[in-house]
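Analysis of the macromolecular model
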There are 4 protein chains.
Amino acid sequence: MTKTLSVAQGREYLAIPGPSVMPEAVLRAMHRPAPNIYEGALIDLTASLIPDLKRVARTKHNAAIYIANGHGAWEAALSNTLAPGETVLVPATGRFGHGWADMARGLGAEAQILDFGKSAPWDMERIAEALRADADHRIKAVLAVHVDTSSSVRNDVEGLRALLDEVGHPALLMADCIASMACDRFEMDAWGVDVAVTGSQKGLMVPPGLGFVFFNDKAAAARDALPRVSRYWDWAPRADPEFFYQYFGGTAPTHHLFGLRAALDLIHDEGIDHVWARHERLARAIWAACEAWGQDGPLRLNVAGRAHRSHAVTALRVGAPQGSALRAWVSQNIGLTLGIGLGMAEPGDPAWHGFFRIGHMGHVNGHMVLGMLGGIEAGLTALDIPHGPGAVEAAAAVIAMG
Amino acid sequence: MTKTLSVAQGREYLAIPGPSVMPEAVLRAMHRPAPNIYEGALIDLTASLIPDLKRVARTKHNAAIYIANGHGAWEAALSNTLAPGETVLVPATGRFGHGWADMARGLGAEAQILDFGKSAPWDMERIAEALRADADHRIKAVLAVHVDTSSSVRNDVEGLRALLDEVGHPALLMADCIASMACDRFEMDAWGVDVAVTGSQKGLMVPPGLGFVFFNDKAAAARDALPRVSRYWDWAPRADPEFFYQYFGGTAPTHHLFGLRAALDLIHDEGIDHVWARHERLARAIWAACEAWGQDGPLRLNVAGRAHRSHAVTALRVGAPQGSALRAWVSQNIGLTLGIGLGMAEPGDPAWHGFFRIGHMGHVNGHMVLGMLGGIEAGLTALDIPHGPGAVEAAAAVIAMG
Amino acid sequence: MTKTLSVAQGREYLAIPGPSVMPEAVLRAMHRPAPNIYEGALIDLTASLIPDLKRVARTKHNAAIYIANGHGAWEAALSNTLAPGETVLVPATGRFGHGWADMARGLGAEAQILDFGKSAPWDMERIAEALRADADHRIKAVLAVHVDTSSSVRNDVEGLRALLDEVGHPALLMADCIASMACDRFEMDAWGVDVAVTGSQKGLMVPPGLGFVFFNDKAAAARDALPRVSRYWDWAPRADPEFFYQYFGGTAPTHHLFGLRAALDLIHDEGIDHVWARHERLARAIWAACEAWGQDGPLRLNVAGRAHRSHAVTALRVGAPQGSALRAWVSQNIGLTLGIGLGMAEPGDPAWHGFFRIGHMGHVNGHMVLGMLGGIEAGLTALDIPHGPGAVEAAAAVIAMG
Amino acid sequence: MTKTLSVAQGREYLAIPGPSVMPEAVLRAMHRPAPNIYEGALIDLTASLIPDLKRVARTKHNAAIYIANGHGAWEAALSNTLAPGETVLVPATGRFGHGWADMARGLGAEAQILDFGKSAPWDMERIAEALRADADHRIKAVLAVHVDTSSSVRNDVEGLRALLDEVGHPALLMADCIASMACDRFEMDAWGVDVAVTGSQKGLMVPPGLGFVFFNDKAAAARDALPRVSRYWDWAPRADPEFFYQYFGGTAPTHHLFGLRAALDLIHDEGIDHVWARHERLARAIWAACEAWGQDGPLRLNVAGRAHRSHAVTALRVGAPQGSALRAWVSQNIGLTLGIGLGMAEPGDPAWHGFFRIGHMGHVNGHMVLGMLGGIEAGLTALDIPHGPGAVEAAAAVIAMG
């Protein structure tokens, strides 16, 4: 690697796929004394969050907030829908599909995985086959990862609902929107999703620590039919509390609630449709740059088809060890942190160093994306990694478009 | 109520039994951009927390951190030790004993409750009887609430271990230290506690959002013998992670970790023994004031015996509706928030308004306690609640003692 | 000194007469990125401050903001009203009267001081004599310290105006309200004050760094008649700017403006009349405690007459070395910082250690004052300083009054 | 202007030439309660600042801190060196030279201006002529603006000292380093500068509110020879205080001192030589981009010669109304704020809209500069402003250089 004068001292830019960049307003809102948790302003603030969360998930149904990360929200969703011994179908397009399946197994469920590799979206035909093969409807739920953060594949959740209906399968459609909520368009009710799961630290722009589960009446009925639900994960009192503490199954996550209020204000002030459009525009700018760097060279996008790429995260392949070298260079030299290539190879395998990911979720705008792309351009140059010209200009042109 | 010129505009003082007053250093440490969660400083910071948490719990054994509140930590502890159908014994001295028992039931366990009312500590004789009656050792664990936040009763956990040993019962001794950790003396290893549970928002002085479970080898063996443990609650990978994300079963609670680091620095800079001594001294000051206000009048301490009173929380009885009136007065007139009387009567019952609680846990010192007591003195005066003289002076004398 | 277990770890309470306790809302408002200083929100925010500042000073005339401390604001006021060789009359009731006089001398003016000692208010007769003796009106201005922070004497500014009118002297009446603004009642226009000076760090609850000068048309005419005014201190463009930067004679004090906006919101949400009433009530509570501790013993209030005591700061005499010992004890043992006895004796003189001061200005409420008094009670006890009983109860009774 | 989907929601980037981007560490350090100003940690903290400030200015002589902006620091420097009626020589290369001259006039001095326009550096020959023409040494001081923030011209201060020595003129050499300190190399002692002036809000990365004046023994002697110095501006007690409050001529600027400590830590941790090299590298990257956009087109650098360009600020010409249009576009569409073109035309003159400036001072690194340049690229494209290709790549190549 060329020795370079470090010009890193300045604002750190964390361009990993979660946690995302926290808005100043969110961090400021969290910097306050502990509030009363039995009376007073926190009660009203919490009540105000529920409808605003539902507006983000595009649902008129129910919302439950958990003090938990995304994995906790996964377990919450499963705990309210599955009894030990029941079966889930998991079409996987990256590490996180496998992860959710594993979580189901930890609760005693059977997980039937359809593995579509690490670069391609669901093959609807194979899913249809699996559903049709399940003549006695042993499959209780389909665990559908909308955007797999590891591969940056975006899947067609709406199409999956159409498929279930077409096949006539009664399974619950459960969507993992952890990476996509408030980034990629997602319409829970319109798309016929029964349960949607997300976390606080990506499109919702709040530090990790909250998980969210949205569920409709069909899912509620599934929970009511279970012999038992863990008190902590039970969504019923959380979604319809008689007493304030039931929102959170105990002590409220006070400071996260302040932050979430600020974040939802940002989202709704902008408008969720505009938020989605912004993410799409910025994703297209990133793709334009990546395509200019090369489509057949060492650096290329992990997902070939535009329709299957997330607007929130982009996985890239550059060959080992250049993925890790590039991340190290931009971190040490220009103050930019890129995401590791997660789940594309095993840790320990030299191939592990051949990937990296860009997070572009939440609080992200034009100059940030252009700075990140300019930084990769500098890193490719410094490391003599072959790449085509005009990448940042191509991205700027997308951003400049009418 | 007398009409009073409000002199409330100023620093709010939240003297409820959790969340406690957050130190400036903790809030400042949390006001920072999101960090990388796969590499860099957060990894070292997290590793530094584990031994420092164990020093607070006085254990050389294992620590697991959960993104959860205290109820989540309860469920975590139970999930690693109980299979459905197994039995726990719960000696209850307030609402929280019943709550933990209910959590066990939610996991399919049987909970045998010994109810000691709302003002008295455990009766060791009754516990001994129950243990002796369990000749075939169906009781898998005893759920021992060290300090019940609702009643402010403090129980003799060390004595319970002696009792178990004397009776020769193999049940796990599981202690709820949510209200007591880093306030009242607690010695996990020396006292023979197998599992200890706490949360972030009381003596640990961090916003609600983290739960902690400490466990020894006997408890670890119990977990290993279970047929299945939920992935989220499983303490094994959290206490001994191969990869960083396993500490938290997924995304790390980044900002809480920054806050926890600052809080543990405060605790260990002071010294845990000194922290306990400070809480004891301040508790004695509060008791002195309360005893001066009256021992037979309307206002009196909920717990008669000093040995059975918590050093972190104090429940008081003042008769309905004066408990609620006093809380309202100090809030509106002098900027002080006192805790509601939790679990002493049912909501809706007029008697509910006859209690209040004082939190004196964590980041609390002499002028705070004296201001809180002076504020109650003013409220008692304004509301014409009979009370004896010299209360604040009695408290000041305790604080002034050599 | 008795050895005491320190119960200081907790919230620090800075009860010195400035800087005062900063509200959370002010500090939070200042924790934000730098704004544009030529366009955008800062311009509107600044414009909003001017009328709100005038409402605090009770004037319809002009306001100039300086990046400066109170001494800078003193110099600003003098620079706009005095030419070298002109004379000011300074009735002094503590160190700060002498300080302002010295500042005038630094600008080449003559300062005629009437010294009334360190515990007594102005003697109007002596001032009348001095004015009458000035038959040819060489006295250009009277520098009137409303509250002298060092002695806590409060002077009758309204009466001084009456006196000037009665004597028929044309001197400008210039008031130093640094310690009194937004604490003790002050009515610039109604009282006939021509120039009023204050700073940000006391009743205005913003960190030190801003000075304010209010002036009426008579004062404006005095400035216009000067041969020359320094560009930095010239109040004309600041009070009536054509371009934004003229408000501040250059770069705007961005973060202080954010803080000041938050502080003025607090003041006007409460109402300036209520702010004054709160300060008066809390001052009376403090006096009640001090009078209970003793009126003839070692500890006593510096100012005998209630009408002449500030509502923002209280100076006490306790005898050397007990003043310093008490301050050290409460700082080390209970987390409370009291003010040094400023200007009552010379540094180096053992008598210097016989005084201390309490700040009770700005963001201060009932529990704070009671905690501060309780803390002094504890310190007096620990140090065996004789004191009467019932002090905190007396204060609480004042606060409880209808 | 083309209608564009705004992709502005995200981190604001203020790329104006002061205030500069504040580091998180600085803002966090300022978010704390008021400290004691007579005793305790603030005293030591302040003492630690002085040597560290001198290291930044590269002087072993004296430093005085003022609560003031840069204009205040200008007036401070003049107040300690000039008596009314004395003369200063001011070689001006932009608005700020004229501003400092005007400040001198406000103090009663004569200002002899040599105007070199708005795009060119000093002409040493003309300065030499002026000095030689001053045979009786009426010129007391030369006011030398190192970098004029309005034009981004950087002048040869070291060469000016050589010229003074060559001509044998005893005038004080006073340098305005407001825009250059801790950005462009500046060596007070080695270059023979007698007085250097700067402010807090540019290379020093602290909010506006502090001014700094460094002075050597020759300058100190000049002050001692003056008949009178204003108390507020007098540098003698500030640079050599007997009592703490003399550092600041009154109340200390508490929160700015906390911030300054954090900023100086950042600077010295990086090393002042490295700080200069970073600024130079980033400036060269910006120039490379600007030169690629065009050297003969509408968009061009204001200063032709590299040796005469600041490393902290860059003024550009793009023709009216495109300067203002571009600033508006990047602000509204990508979250980037560029500086107005100050002093290049009069407000009201349409030509005013033909300029803009980029601030790249202080807390600035590679990804920020590349994002800013990418943002301008997008704006030029959106607005159809002709510009050459390869600009951001050219900048990235400079950053990637070994």
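Residues numbered from 1 in each chain as written. Chains lettered and ligands numbered in written order. Predicted model: local features only at pLDDT ≥ 70, side-chain atom pairs only at ≥ 80, totals over all residues. Heavy atoms only, no water.

**Overview of the pairing of strand 8 (residues 172-176) of chain A**
Residues and elements named next belong to chain A.
- Within strand 8, five of the five residues are buried, which leaves the element mostly enclosed by the surrounding structure.
- On strand 8, burial covers both faces: L172, M174 and D176 on one face and L173 and A175 on the other are all buried.
- As paired elements, strand 5 (residues 139-145) and strand 8 share five bridges and run parallel to each other. When the sheet's bridge partners are listed, A141 is paired in strand 8 with L172.
- Judged from the three bridges that link them, strand 8 and strand 9 (residues 195-199) form a sheet pairing that is parallel. Residue pairing for strand 9: A175 is matched across the bridge by A196. (Buried < 20%, exposed > 50% of the residue type's maximum accessible area, 1.4 Å probe, protein only. Helix = DSSP H or I, 4+ residues; strand = E, 2+ residues; numbered from the N terminus. Pairing = 2+ DSSP bridges.)

**A look at the interface of chain C and chain B**
- Across the boundary between the two partners, chain C contributes 51 residues, which contact 51 residues of chain B.
- With both chains or domains summed, chain C and chain B bury close to 4000 Å², and 62% of this area falls on carbon and sulfur atoms.
- Of all residues in chain C, C:Q9, C:R11 and C:H367 bury the most surface against chain B, accounting for 21% of the area lost on that side.
- Joining chain C to chain B, the criterion identifies 23 residue pairs in polar contact (both at pLDDT 80 or more).
- Among the secondary structure elements, those contributing two or more residues to the side of chain C that touches chain B are helix 9 (254-270), helix 10 (272-293), helix 11 (322-334), helix 12 (366-382) and helix 13 (391-400) of chain C.
- If one sorts the elements of the side of chain C that touches chain B by residue count, helix 12 of chain C sits on top with eleven residues. (Contact = heavy atoms within 4.5 Å. Buried area = accessible area lost by both parts, 1.4 Å probe. Polar contact = N/O pair within 3.5 Å; in protein donor to acceptor, adjacent residues only side chain to side chain.)

**Details of the interface of chain D and chain A**
- Between chain D and chain A, the residue contacts involve 51 residues of the former and 51 residues of the latter.
- Carbon and sulfur atoms supply 62% of the area buried between chain D and chain A, which totals about 4000 Å² over both sides.
- The interface formed by chain D and chain A contains zero salt bridges.
- Viewed at the interface, chain A and chain D are joined by 23 residue pairs in polar contact (both at pLDDT 80 or more).
- Contributions of two or more residues to the side of chain D that touches chain A are made by helix 9 (254-270), helix 10 (272-293), helix 11 (322-334), helix 12 (366-382) and helix 13 (391-400) of chain D.
- Of the residues assigned to the side of chain D that touches chain A, the class counts are 23 nonpolar, 19 polar and nine charged. (Salt bridge = Lys/Arg side-chain N within 4 Å of Asp/Glu carboxyl O. Nonpolar A, V, L, I, M, F, W, Y, C, P; charged D, E, K, R; others polar.)

**Some thoughts on the relation of the copies chain D and chain A**
- Overlay of chain D on chain A (RMSD 0.0 Å): rotation 180°, translation along the axis 0.0 Å. Such a combination of turn and shift is consistent with a two-fold rotation axis. Distance from the rotation axis, computed per C-alpha, reaches its smallest value in chain D at D:G371: 1.6 Å.
- Counting the interface residues of chain D, we find that 100% of their copies in chain A are interface residues as well, pointing to one common contact surface. (Least-squares fit on C-alpha atoms with pLDDT ≥ 70 in both.)

**Details of the relation of the copies chain C and chain B**
- At an RMSD of 0.0 Å, chain C and chain B line up after a rotation of 180° and a shift of 0.0 Å along the axis.
- Most of the interface of chain C is mirrored in chain B: 100% of its interface residues are interface residues there too.

**Remarks on the pattern of salt bridges**
- The full count for this structure, using the stated rule, is 84 salt bridges over all chains.
- Across the pair D:R327 and C:E39 runs a salt bridge, and its minimum N-O distance is 2.9 Å. Here the residue D:R327 occupies a position in helix 11, and C:E39 occupies one in the loop between helix 1 (24-30) and helix 2 (41-57), the pair thus bridging two chains.
- Residue classification places D:R327 among the buried positions, given a relative accessible area of 7%.
- With its nearest N and O atoms 2.7 Å apart, the salt bridge here joins D:E187 to D:R185.
- Among the ionic contacts, a cluster of salt bridges with common partners joins A:D52, A:R55, A:R261 and A:D265.

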